[in-house]
Each structure stands twice: as structure tokens, then as C-alpha cells.
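# Coordinate analysis (summary)
Below are the chains, spelled out letter by letter.
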Amino acid sequence: MVPSEIRALFAMAARPEVVSLAGGMPNVSALPLDAVGQMIGDLVAGRGAEALQYGSAQGDEQLRERICEVMALEGVQASPDDVVVTVGAQQALDLITKIFVDPGDVVLAEAPSYVGALGTFASYQADVVHVPLDEGGLIPSALRETLASLRAQGRSVKFLYTVPTFQNPAGVTLTTARRAQILEICAEFDVLVVEDNPYGLLGFDGEPMRALRADDSEHVIYLGSFSKTIASGLRVGWVLAPHAVRAKLVLAAESAILCPSNFSQFAVREYLTTQPWREQIKDFRELYRARRDAMLESLDQLMPDGCTWTRPAGGFFVWLTLPEGLDAKAMAPRAIAERVAYVPGTGFYADGTGHRHMRLSYCFPEPHRIREGIRRLAAVVEQEIRLRDTFGGAVGGGSTGIQAPGPDVV
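Parameters at a glance
- Residues numbered from 1 in each chain as written.
- Predicted model: local features only at pLDDT ≥ 70, side-chain atom pairs only at ≥ 80, totals over all residues.
- Heavy atoms only, no water.
- Pairing = 2+ DSSP bridges.
- Helix = DSSP H or I, 4+ residues; strand = E, 2+ residues; numbered from the N terminus.
- Contact = heavy atoms within 4.5 Å.
- Axes fitted to C-alpha atoms, helices over the stretch in contact; angles between N-to-C directions.
- Buried < 20%, exposed > 50% of the residue type's maximum accessible area, 1.4 Å probe, protein only.
- pLDDT = per-residue confidence, 0-100.
- Expected span 1.5 Å × (residues − 1).
- Arc of directions from axis to C-beta.
- Salt bridge = Lys/Arg side-chain N within 4 Å of Asp/Glu carboxyl O.
- Polar contact = N/O pair within 3.5 Å; in protein donor to acceptor, adjacent residues only side chain to side chain.
- Core = buried A, V, L, I, M, F, W, Y, C linked by side-chain atoms within 4.5 Å.

## Side note on the sheet that holds strand E10 (residues 308–309)
- Spatial strand order, E10-E11-E14-E13: four strands in an open sheet with antiparallel pairing. Each end of this open sheet is capped by a strand with a single partner; those strands are E10 and strand E13 (343–344).
- Looking at chain direction, E13 and strand E14 (residues 357–361) are connected through two bridges and run antiparallel. Bridge pairing in E14 places Pro-344 opposite Met-358.
- Relative to the sheet, helix H11 (residues 277–302) contacts E10, strand E11 (317–321) and E14, its axis offset from that of E11 by approximately 20°.

## Comments concerning the pairing of strand E8 (residues 220–225)
- Across the six residues that make up E8, a large majority, six, are buried.
- Alternating positions in E8 separate into two faces, Val-220, Tyr-222 and Gly-224 on one and Ile-221, Leu-223 and Ser-225 on the other, with burial throughout.
- Alignment of strand E7 (residues 192–196) against E8, held across four bridges, turns out to be parallel. By the bridge assignment, Val-194 is partnered in E8 with Ile-221.
- Note: E8 against strand E9 (residues 237–240), four bridges, orientation antiparallel. Looking at E9, one finds that Ser-225 is bridged to Gly-237.

## Some words on the side chain of Gln-275
- Locating Gln-275 in the fold gives a position in the loop between helix H10 (262–274) and H11.
- In this structure, Gln-275 is in contact with Ala-35, Met-39 and Glu-270, ignoring residues within four places of it in sequence.

## Topic: the confidence of the model for the protein
- Averaged over every residue, the pLDDT of the protein is 92; residues scoring 70 or more account for 92%.
- Across residues 395–410, confidence stays below pLDDT 50; counting only partners more than four residues off in sequence or on other chains, it has 46 contacts.

## What about helix H6 (residues 140–152)?
- Across its 13 residues, H6 extends 18 Å between first and last C-alpha, which sits within 8% of the 18 Å expected from 1.5 Å per residue.
- Those residues of H6 that fall on the buried side of the exposure criterion are Pro-140, Ala-142, Leu-143, Thr-146, Leu-147 and Leu-150. Take H6 and look down its axis: the buried residues cluster within an arc of 160°, on one side only. Residues of H6 that are exposed and angled more than 90 degrees away from the buried face: Glu-145 and Ala-152.

## Some remarks on the pattern of salt bridges
- Evaluated as defined, the whole model comprises 20 salt bridges.
- Between Glu-372 and Arg-375 there is a salt bridge, with its nearest N and O atoms 2.6 Å apart. With Glu-372 and Arg-375 both in helix H13 (residues 367–391) and three residues apart, the pair spans about one turn of that helix.
- By relative accessible area, which is 23% here, Glu-372 ends up partly exposed.
- Overall, the relative accessible area of 43% leaves Arg-375 in the partly exposed class.
- Two residues, Arg-388 and Asp-389, come together in a salt bridge whose shortest N-O distance is 2.9 Å.

## Some points on the side chain of Arg-269
- Tracing the chain through its elements places Arg-269 in helix H10.
- Look past the residues within four positions of Arg-269 in its chain and what remains in contact with it is Arg-47, Asp-60, Gln-62, Leu-63 and Arg-66.

## Here we look at the sheet that holds strand E2 (residues 83–86)
- Taken together, eight strands build an open sheet; the order of strands is E2-E9-E8-E7-E6-E3-E4-E5 and the sheet is mixed. Edge positions in the sheet fall to E2 and strand E5 (137–138), since each of these pairs with one other strand and no more.
- One ladder, built from four bridges, connects strand E3 (residues 106–111) with strand E6 (residues 157–162); its direction is parallel. Among the inter-strand pairings, Val-107 is bridged to a residue of E6, identified as Phe-159.

## Some details on the pairing of E9
- Alternating residues of E9 divide into Gly-237 and Val-239 and Trp-238 and Leu-240, and every residue in both groups is buried.
- Where E2 lies against E9, four bridges are found, and the strand directions are antiparallel. The partner of Val-85 across the bridge, within E9, is Trp-238.

## Description of helix H3 (residues 61–72)
- Helix length check: H3, at 12 residues, gives a terminal C-alpha distance of 17 Å against a target of 16 Å (1.5 Å per residue), a fit within 8%.
- Among the residues of H3, Leu-63, Arg-64, Arg-66, Ile-67, Cys-68, Val-70 and Met-71 are the ones counted as buried.
- Each element contacted by the buried residues of H3 is listed here: E2, E8, E9, H10 and H11.
- Its side-chain oxygen 3.3 Å from the backbone nitrogen of Gln-62, Asp-60 forms the N-cap of H3.

## Here we look at unusual backbone geometry
- Note the cis peptide between Ala-111 and Pro-112, where omega equals 5°.
- Mapped onto the elements of the fold, Pro-112 is located in the loop between E3 and helix H5 (115–123).
- The phi torsion at Arg-339 lies on the positive side, around 70°, for a residue other than glycine.
- When you line up the elements, Arg-339 lands in the loop between helix H12 (328–337) and strand E12 (340–341).

## Here we look at the nonpolar core
- Judged by nonpolar contacts, the single largest core of 95 residues is most densely connected at Phe-121, Phe-159, Phe-226, Leu-299, Met-303 and Leu-360.
- The biggest single contributor to this core is H11, with nine residues.
- Beyond its immediate sequence surroundings of up to four residues, Met-303 is in contact with Ser-298, Trp-309, Leu-320, Ile-374, Leu-377, Ala-378 and Val-381.
- Counting 20 residues, the second-largest nonpolar core is a separate cluster that includes Leu-108, Val-131, Leu-147 and Phe-189.

Pasting the structure below:
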């Protein structure tokens, strides 16, 4: 068990003079806090004795019904009986890994992949094997080749972990055509898919994409969270799993926490019942779109030649690739000295590669702060390029990662 590279940055990035493009903190200030405060006050006054008591390990039944309504926006038809409420989607990841993974088992994950998932897999001694992605998401041919190779070696693959929509950290989205191919390949090799979908409702254009779980109820375990669409501090997530898996999840949850917070569940349930949550999600989408635009415009205008980055259609993140010979991890302390913070790409690879990459988050800072942060970052990158050109030689190493489209690619 090792500390997350993101957590290690928080103390420095939290200084007010530093523009933090590091943490993926949702902008909860956009919530109607007065209405939410009134709602919570009414909840305590009217149902406090129940809300402040122990609850069920599976979670409040009425909340599970509301969760099914939320998933229906992405084409998922589900029974509340197959939903387990968790302490954020992070606990769901832990429970699934505990149930399925023995030391040495293989877990497939995108390259790059969510750092919190990699930490969980490592804590259960899984062998994480990365599958590359590009601007269209996970590459089906690479998945097939990886599974065939592992089968030939006699390796046990327990599941594929994927964030298919507005991926963390790369910001890319799995195309509709590839979604069908990924499901077909995993069914052929009898491998479960763990679909982590915290950003699915936060797209900037059009309706939400159809979830993988909507097209395969037998091979897909769906993870959801209210951290991005309501508030992360409530720590309410969920798992939708096939019935037999659901039963094991409830047992594992009882062992880990006895039951999730009744108060948080009641608060989310009341919010979904009494507040205009669909309209609030639209407000979040517009807020994050403005911040995404500020980041992409600044990158286009200021970042030196040789840098490339993704152009997300939703979610929180841009994935930037530095020119050859630069090392984002080695550069991070110098960026902090120039009062800008990001997350080096090495934290998103189980093998510590990804030195040329960094994750930039646009969800929390105001647009003018994002522009200033990119200005500072571009100056640091320019200085690193001059040092490279003066002294020669590649620093850090590895160009593992997606082939991000350049700033002139639509």
C-alpha cells in the first residue's frame, strides 16, 4: 500500500497562491445551497430518528429505486434489488476486488487508468495489465490480443476495469461502435466488465451515451456515484451487479462498514425526490463546459510546439503529452515553484511509466484562474524545453500512453 501521487500533491496545491489543475474536485458551490440546507433541516426535524439510525447493508430501498431512475437516463433497465449502495464508488471498487481477486490474478485496466482503482487493485495484490486507448477510447484489437496472450499463458483474468465515458484521466470517450466490440470480446473470453461511470451525465453535447451495462446485464458490473452530480462530501455511490454477485457484495459490505450512512442516503433520496436535479445537472454541464473551453483555448494559444492533448466532450480532465525528453514527474516541483499544480502521468500506470504525460483538471478553478494556470504551466514547459535543448538527452523516460490528438485536430 503506497500513497496516491494525487494525495501527495494536495498539501502544496491547496496553497492559495497556487493554481491547482490537479484535483478532480466537483464544484459544489454551484448547488442551490440554501434550498439544500432547508431540505436537510426538514429531514432532521421530520425524520431524524430514522435518518440518524443504523440502516441496511444493501442500502435504503427507496434510494435504490431513485438510483434505477438515474441509470435509466443511460439506457440501463435495472431492479432495485440488484443495487447495493456504497460509500462512494471507491468502496464499490474495493468490495468487487475483494470478492473476485486472489493474489496474482490479472485485472485489465486502460492505459492510463484511474489512480484510485490502481491503488485498490494493488492492495489486493492483483497483477494489473494495461490495455492501450486512444482518442476513441479502449482499443478493441489490443484488448483481444491481450486476452489471447494471457489465455495462452494460463493466466486468470478476473475482470476488465474501464471508465468508458469522459475517462479519468484521459478525458476520452469509448465510441458507440467500440462499446459493442468490447462487450463481444469480453463475452467471448468470459471476462467480467467493471464499468465505472461517475461522469456519464456530464457531457457537453447531446444526450448521455448508452452505458455498457444497458447492453449486457450478465457480464457488466456498473458503478455509479453522486459525487459528481450532487456532492462528493455525501459519499454515496452504488453497484449494479448480477444477482449472485449482488448477494456477495452485501456480505462484503456488512463486513467492511456494517451499513452505509443512513443520513447521507436519506439526504440524497430527498434531493432526488424534492429538488430539480435534472436541471441542476444541466447547470453543472454548462459550468464545466465553460471551464473546459477556457483550458482548451489557453492550451491552443500558449502551449509550446510538441505538446499534444485530448479534447474532452464532458467530464473533468484533459490529458497532456509533453515533447520527447521531458518528464512531467521531474518537472512537478518546478511547476509548484511557479505556482501551478498538475498530476504527473506516472500515477495512472501500474508500472510507473507515463513520464511524458500529465492530467489537467478544469472542474474546480474559475475560468480566469485556469487561463492563468495554463500560462504559468506553458512557461515551465518552455523552460524545460530550453534545458533539454541545451544539455541534450531524454529525461525520465517512456512515452507510454494514448496518442492524443494535437491542438489542430477536431
